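# Topology and contacts: notes
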Amino acid sequence: MGDPSMATTRETYSPFTLTLHWVTAALVLTQPLLVWLSEEMSREDKSQWIGVHKSIGATLLILTLIRLSSRLAGNKAIPLPESTPDWQKLFARATHVLFYVLLIAMPLVGWAGSTAFGREVVWFGLFQLPPLPFVPEDREFGGSLMGLHKYAGYTLVTLVVLHILGGLTHYFVNKDNVLQRMLPFLPRRDQAIEPARHEVV
Ligand code: HEM
Ligand code: HEM
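Read on for an overview of the structure.

Parameters and conventions
Residues numbered from 1 in each chain as written. Chains lettered and ligands numbered in written order. Predicted model: local features only at pLDDT ≥ 70, side-chain atom pairs only at ≥ 80, totals over all residues. Helix = DSSP H or I, 4+ residues; strand = E, 2+ residues; numbered from the N terminus. Buried ≥ 20, exposed ≤ 12 C-beta atoms within 10 Å, placed from the backbone. Contact = placed C-beta atoms within 7 Å. Core = buried A, V, L, I, M, F, W, Y, C linked by C-beta atoms within 7 Å. Near = placed C-beta within 6 Å. Nonpolar A, V, L, I, M, F, W, Y, C, P; charged D, E, K, R; others polar. Expected span 1.5 Å × (residues − 1). Axes fitted to C-alpha atoms, helices over the stretch in contact; angles between N-to-C directions. Parallel < 35°, antiparallel > 145°, perpendicular 65-115°, else oblique. Left-handed = near helix turned anticlockwise from the far one by under 90°.

Quick look at the overall build of the protein chain now. A count of helices and strands for the protein chain gives seven helices and two strands. Counting only residues that meet the buried cut, the protein chain has 14% of its 201 residues in that class. For the protein chain, contacts bridging at least 24 residues in sequence account for 67% of all contacts bridging at least 6.

Judged by nonpolar contacts, Val28, Leu60, Leu103, Met106, Val109, Trp111, Ala112, Ala116, Val121 and Leu145 together constitute the single largest core of 10 residues. Filtering out sequence-adjacent residues up to four positions away, Val28 remains in contact with Leu60, Leu156 and Val160.

Moving on to the site of ligand 2. Around ligand 2, 23 residues are found, and the nearest of them are Lys54, Gly57, Pro107, Gly110 and Gly153. Within the residue set of the shell around ligand 2, elements represented by two or more residues are helix H2 (15-38), helix H3 (43-72), helix H4 (86-116) and helix H5 (139-174). The leading source of residues in the shell around ligand 2 is H4, at seven residues. In terms of residue class, the shell around ligand 2 is built from 13 nonpolar, eight polar and two charged.

Another aspect to go through is H4. Its 31 residues place the ends of H4 44 Å apart at the C-alpha level, agreeing with the 45 Å of an ideal helix rising 1.5 Å per residue. Remark: Gly118 follows H4 within two positions and exhibits a positive phi of approximately 70°.

Now for the site of ligand 1. Ala25, His96, Phe99, Gly167 and Met182 are the nearest of the 21 residues found near ligand 1. Put simply, the parts of the chain that give the shell around ligand 1 at least two residues each are H2, H4, H5 and helix H6 (178-182). If one sorts the elements of the shell around ligand 1 by residue count, H2 sits on top with six residues. Along the lines of polarity and charge, the residues of the shell around ligand 1 split into 13 nonpolar, six polar and two charged.

Phi angles above zero are rare outside glycine, and Phe134 is one such case at about 65°. Its location among the elements puts Phe134 in the loop between strand E2 (127-129) and H5. Accessibility expressed as a C-beta count within 10 Å gives 7 for Phe134, which makes it exposed. Located in the positive-phi region is Lys175, a residue other than glycine, with phi close to 55°. If you trace the backbone, Lys175 turns up in the loop between H5 and H6.

Here the focus is the packing of H4 against H5. Two elements in contact, H4 and H5, have axes separated by 9 Å at closest approach and are oriented at 155°. Compared by their axis directions, H4 and H5 come out roughly antiparallel. The element H4 and its partner H5 pack so that their crossing is left-handed. Residues belonging to the contact of H4 with H5 are distributed by class as follows: 17 nonpolar, nine polar and no charged.

Below you can see the structure in the form of C-alpha cells.
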C-alpha cells in the first residue's frame with residue numbers, strides 16, 4: 001500500500017460515524033426552523049410543533065451521548081493532515097468540543113425550562129419524560145433557563161456556519177481530503193499526482 005500517510009488521507013469515517021454525524025446535522029438544523037416557523041401559528045399548532053422540537057431535542061441528547069461514548073471508547077476522529085495550519089487544528093478542535101457541550105447542555109436546559117414551567121415533555125407522543133430532579137417549579141427561573149437556551153441556540157447556529165466554512169476551506173483552499181471524509185461521494189484529491197502538478201507549474 002506504500003506510504004502510510006497517504007492511507008490516512010484516503011480514509012473516510014465509518015458508516016456508523018457518518019450516519020450519526022448526518023442525522024445529528026439534519027436534526028440540529030431542524031430545531032431552530034421548527035421554533036421559528038411555529039411562531040406564525042395558532043396556539044394549539046404551536047404547542048404541537050414545540051412538542052416535536054422537544055422530542056427531537058431529547059433524541060439529540062441520546063445520539064450525542066452515544067457518539068461521545070463511542071469516541072471515548074476509542075473510535076477516534078481521523079487526525080487532520082499535517083499540512084493543516086496549527087490555528088485551524090485548534091479552531092476545529094474547539095468547535096467540535098463546543099458542539100458536544102452544546103448538544104448535551106441544550107436539551108438539558110430546555111428540559112429544565114419545561115420542568116420549571118410545569119410543562120410536559122412527551123417523546124413523540126409515546127412516553128412522557130419525568131420532570132428533571134432538583135429543578136423548582138418557578139416561572140421566573142424557567143424564563144432565565146429559556147433565555148440561556150435561546151443564546152445557546154444562537155451560539156450553536158454560529159458554530160454550524162463556522163464548521164461549514166471550515167469544511168469548505170479544506171476543500172477549496174487547503175485542497176486536502178478532509179471534507180471527503182464526511183462526504184465520501186465527493187471526488188478525492190489524489191495526493192500522489194501533486195508532485196507531477198508542481199513540475200508542470
Ligand atoms: C449542522 C450541524 C453539524 C454538527 C452539529 C456537526 C458536528 C460535527 C462534529 C462534532 C464533528 C467532529 C467529529 C466527530 O466527533 O465525529 C464533525 C466533523 C465533521 N463535520 Fe460536521 N457537523 C454538522 C454539519 C456539517 C456540515 C453541513 C458539513 C459539511 C460541510 C460537515 C462536515 C464535517 C467534516 C468534514 C467533519 C470531519 C472533520 C475531521 O475529520 O476532522 N458537518 N461535525
Ligand atoms: C440540541 C437540542 C436543541 C436545540 C438545538 C434547540 C434549539 C432551540 C432554539 C434555536 C430555540 C429558539 C430560541 C428563540 O429564538 O427564541 C429553541 C426554543 C425552545 N426550545 Fe429548544 N432546542 C433543543 C432542545 C430542546 C429541548 C430538549 C426542549 C424541551 C424539552 C426544548 C424546548 C424549547 C422551548 C420550550 C423553546 C421556546 C419555544 C417558544 O418560543 O415558545 N428545546 N430551542
